[in-house]
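# Examination of the molecular architecture
Now for the letters of each chain:
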Amino acid sequence: NAGVTQTPKFRILKIGQSMTLQCTQDMNHNYMYWYRQDPGMGLKLIYYSVGAGITDKGEVPNGYNVSRSTTEDFPLRLELAAPSQTSVYFCASSTGNQPQHFGDGTRLSIL
Amino acid sequence: GEDVEQSLFLSVREGDSSVINCTYTDSSSTYLYWYKQEPGAGLQLLTYIFSNMDMKQDQRLTVLLNKKDKHLSLRIADTQTGDSAIYFCAETSVVGNKLTFGGGTRVLVKP
């Protein structure tokens, strides 16, 4: 099993550009999550999903969108990139109340 | 809302024990977690404790939970240089298994 795979690992965007961060998991987990980690801080929840077709906002959803058309994939979209979205983005998955498994992260800089 | 607090920094000599402390606010949390993050890397699950337990031991790691005071601690015995990292505690929500992270404790192990 590959676990949770995030692509790309690094990306530099210009202000106003859009992009999609990809996340896929091969563990058949129902629950998937997107977090962001700003320098020197803990992780904050952006969006989460408890199953295909179901998504919900976390603590910091503004400026992002998600979709969950399959169990495996949970892409995160930035429509109009802003410097405040410079961060490291982590995707995670779990079953029910079991521990979350994290991907290696996507380091995103917006200039 | 939920809030998780940790001290920022801990310095310890190699071979000594490290104790990292955490306080949380959500008394309905089902599980409490400790994650480790090395520089430039993702989050590695170290250990976790169910909320109806007060202690869990896993090799060099001991987790203590004081549910009355909402206090969680992680003790690392015989601390090694490879234990230098940032340690995050996190609590889970009942709905959605969402994690709320503390800001992380940077542990520096000196030879």
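What this report covers is the structure whose coordinates are included nearby. This one's a predicted model, so the numbers in the text were calculated from it and none came from an experiment. (Residues numbered from 1 in each chain as written. Chains lettered and ligands numbered in written order. Predicted model: local features only at pLDDT ≥ 70, side-chain atom pairs only at ≥ 80, totals over all residues. Heavy atoms only, no water.)

Here we take up the sheet that holds strand β1 (residues 4-7) of chain A. Residue and element names in this part refer to chain A. In spatial order, the strands read β1-β3-β8-β7; together these 4 strands make up an open sheet with antiparallel pairing. Across the chains shown, the open sheet's two edge strands, defined by having one partner strand only, are β1 and β7 (64-66). Going across the sheet, the axis of each strand differs from the next one's by a mean of 20 degrees, ignoring polarity. Here β7 runs beside strand β8 (residues 76-78); their pairing, made up of 3 bridges, is antiparallel. (Pairing = 2+ DSSP bridges. Helix = DSSP H or I, 4+ residues; strand = E, 2+ residues; numbered from the N terminus. Axes fitted to C-alpha atoms, helices over the stretch in contact; angles between N-to-C directions.)

So, about the pairing of strand β4 (residues 31-37) of chain B. Residues and elements named next belong to chain B. Across the 7 residues that make up β4, a large majority, 7, are buried. Both faces of β4 are covered, namely the face carrying Tyr 31, Tyr 33, Tyr 35 and Gln 37 and the face carrying Leu 32, Trp 34 and Lys 36. Examined bridge by bridge, β4 and strand β5 (residues 43-50) share 7 bridges and lie antiparallel to one another. Paired with Trp 34 across the strands is Thr 47, a residue of β5. Two successive antiparallel strands, β4 and β5, enclose a turn made up of 5 residues, where Gly 40 displays a positive phi of approximately 70 degrees. Taken together, the 6 bridges between β4 and strand β9 (residues 85-92) define a ladder with antiparallel strand orientation. Within the sheet, the bridge partner assigned to Lys 36 lies in β9 and is Tyr 87. (Buried < 20%, exposed > 50% of the residue type's maximum accessible area, 1.4 Å probe, protein only.)

On to the sheet that holds strand β7 (residues 61-66) of chain B, then. Residue and element names in this part refer to chain B. Spatially, the 5 strands line up as an open sheet ordered β1-β3-β8-β7-β6, and their pairing is antiparallel. Of all the strands in the sheet, just β1 (4-6) and β6 (55-58) have a single pairing partner and so form its edges. Mean inter-strand twist for the sheet, computed between neighbouring axes without regard to direction, equals 15 degrees. One ladder, built from 4 bridges, connects β6 with β7; its direction is antiparallel. By the bridge assignment, Lys 56 is partnered in β7 with Val 63.

So, about the state of the cysteines. Enumeration according to the criterion identifies 2 disulfides over all chains in this entry. The disulfide bridge from A:Cys23 ends at A:Cys91, spanning 1.9 Å between sulfur atoms. Sign of the S-S torsion, about -70 degrees for the bond between A:Cys23 and A:Cys91, identifies this disulfide as left-handed. Here A:Cys23, found in strand β3 (residues 19-25), pairs with A:Cys91, found in strand β9 (residues 87-94); they are 68 residues apart in sequence, far enough to count as distant. Residue classification places A:Cys23 among the buried residues on the basis of a relative accessible area of 2%. Since its relative accessible area comes to 0%, A:Cys91 is described here as buried. For B:Cys22, the disulfide goes to B:Cys89, at an S-S distance of 1.9 Å. Here the S-S torsion is close to 70 degrees, and the disulfide linking B:Cys22 with B:Cys89 is therefore right-handed. Separated by 67 residues along the polypeptide, B:Cys22 in strand β3 (residues 18-24) and B:Cys89 in strand β9 bring together distant segments of the chain. What makes B:Cys22 buried here is its relative accessible area of 2%. B:Cys89 sits in the buried class, given a relative accessible area of 0%. (Disulfide = S-S within 2.5 Å.)

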